[in-house]
Amino acid sequence: MRVLIVGAGIGGLATALMLHRRGIRATIVEQASEVREVGVGINTLPHAIRELAELDLLPALDRVAIRTKELAYYNRQGQEVWREPRGIEAGHPVPQFSIHRGRLQAVLYDAVRERLGPDAVRTGLALSGFLQDEGGVTAHFTDSLKGDAGRTIRADVLVACDGIHSVVRKKFFPDEGPPRWDGVLMWRGATEWGPWGDGRTMAIGGGMGAKCVLYPIAEAGNGRQLMNWVVFVKMADGKVSPPPKESWSRPAHRSQVLPYARRFALPDFDLAALVEATPQIFEYPMCDRDPLPRWTHGRVTLLGDAAHPMYPVGSNGASQAILDARALGDALARSEHPMQALHAYEAERRPKTAEIVMLNRKGGPERVIDEVEKRAPAGFSRIEDVLSHAERQAIVGGYAGKAGFAVAGNVSPLRVAV
């Protein structure tokens with residue numbers, strides 16, 4: 001069996017590795033002229049890391065990432081709302097990793113080139129169209145720099161891992177329109193900084209209209225860490241305002257974000273100072289798309305953000321793409337016919353990811369600080385007087401259960417704010 005993967009992002013690279021482990025040949029075609037590190041920090045959850053561990057990638061990840069130990073939620077005043085263990089400390093057999101998105105992609109890319117060969121990823125080719133017949137898929141590509149005719153590739157299956165603006169998705173759903181924007185802009189950045197707390201804790205603070213996220217993504221040496229931050233602010237009514245251009249590398253000036261960064265308080269940390277020291281800041285609109293009625297069309301299917309782009313809450317985007325890759329690899333390995341495999345993959349993954357897309361629209365686990373702000377916008381003396389432990393656990397733990405990374409019998413936080 002030959003599988004053609006369109007897109008060399010995290011989903012596409014993970015899919016190639018999963019297929020290779022199962023003895024299935026895969027070729028990745030990427031529109032960009034090179035695979036390079038873009039973006040800033042992301043979190044990869046234990047249910048996804050478990051799949052990467054089975055691909056023997058834990059040592060490589062440990063060299064470039066931080067094993068997240070705790071996650072703490074705060075209101076805008078810096079009062080603790082909830083704290084819980086993460087990864088191995090929560091009882092998982094593998095860690096949760098906080099990592100630079102580009103470095104995770106590089107780990108996967110290096111593994112693909114080493115295991116599948118240096119020609120397994122072909123860059124500078126943009127998909128222009130494809131045709132299916134009883135025996136397979138014929139895909140046509142153009143040179144993405146010159147616009148000249150590129151090449152034609154024949155395969156048994158085509159897997160679209162080409163992101164939220166997927167060319168393949170648009171061919172099957174031409175009237176879908178642009179991504180759905182909720183009016184929230186995100187500013188992101190990362191810079192070397194002194195460790196905060198134990199150097200392995202992730203913080204999310206704020207409330208309904210604005211939030212901040214803070215966590216380390218790598219050891220920088222000399223007692224410093226590469227510290228990642230994000231500021232989310234509701235800037236418009238997404239129903240009437242078109243979203244700004246989505247790009248991981250869209251630059252922004254710190255003067256745009258500093259007034260918002262000064263709104264947040266985190267214990268023993270100056271978020272505004274971190275933002276001011278960040279040499280390069282990026283702006284990105286928070287967008288997703290409605291769940292689709294189907295992903296698979298004959299011998300062609302969607303995966304990752306091409307199938308289910310979701311708001312970046314709950315640390316689930318990259319993790320769900322990795323889970324897609326595992327499910328697709330298993331389905332292709334055990335099915336008698338490729339089309340049967342693609343339908344089995346979709347039947348397993350589409351309902352689960354659709355539910356997460358809708359949960360993320362409601363705020364995901366971060367809804368716990370929204371609820372606290374609704375009830376106590378000026379802060380509180382005791383969190384239990386605002387939102388009980390059971391209510392907070394239902395929000396945060398309920399999301400973990402539905403997203404697939406809860407640990408049975410271990411749902412209590414390390415320390416409960418009272």
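Refer to the structure above for everything that follows.
Conventions adopted
Residues numbered from 1 in each chain as written. Predicted model: local features only at pLDDT ≥ 70, side-chain atom pairs only at ≥ 80, totals over all residues. Heavy atoms only, no water. Helix = DSSP H or I, 4+ residues; strand = E, 2+ residues; numbered from the N terminus. Rg over C-alpha atoms; globule rule 2.2 N^0.38 Å. Buried < 20%, exposed > 50% of the residue type's maximum accessible area, 1.4 Å probe, protein only. Contact = heavy atoms within 4.5 Å. Pairing = 2+ DSSP bridges. Axes fitted to C-alpha atoms, helices over the stretch in contact; angles between N-to-C directions.

Student: Run through the overall build of the protein chain, naming residues and quoting values.
Tutor: A tally of helices and strands in the protein chain yields eleven helices and 19 strands. Taken over C-alpha atoms, the radius of gyration comes to 21 Å for the protein chain, in line with the 22 Å a tight globule of 418 residues would show. The dimensions of the protein chain, computed from C-alpha atoms along their principal axes, are 70 × 45 × 45 Å. For the protein chain, buried positions account for 57% of its 418 residues. Contacts spanning at least 24 positions in sequence make up 74% of the contacts within the protein chain whose residues lie at least 6 apart.

Student: Describe the pairing of strand E10 (residues 136-143), naming the residues involved and giving the relevant values.
Tutor: Where a strand is regular, its side chains alternate between the two sheet faces. Bridging between strand E9 (residues 125-133) and E10 involves eight bridges; their strand directions are antiparallel. Among the inter-strand pairings, leucine 131 is bridged to a residue of E10, identified as threonine 138. Between E9 and E10, which pair antiparallel one after the other, the connecting turn spans two residues. The sheet contact formed by E10 and strand E11 (residues 149-155) spans six bridges and is antiparallel. Each residue of the ladder has a partner; that of histidine 140, found in E11, is threonine 152. Joining the antiparallel neighbours E10 and E11 is a turn of five residues, in which glycine 147 adopts a positive phi near 80°.

Student: Help me get a handle on the sheet that holds E10, residues and values and all.
Tutor: Strand order in the open sheet made by the three strands is E9-E10-E11, with antiparallel pairing throughout. Both edges of this open sheet fall to E9 and E11, since each of them pairs with a single strand only. In this sheet, adjacent strand axes meet at a mean angle of 20° when their direction is disregarded.

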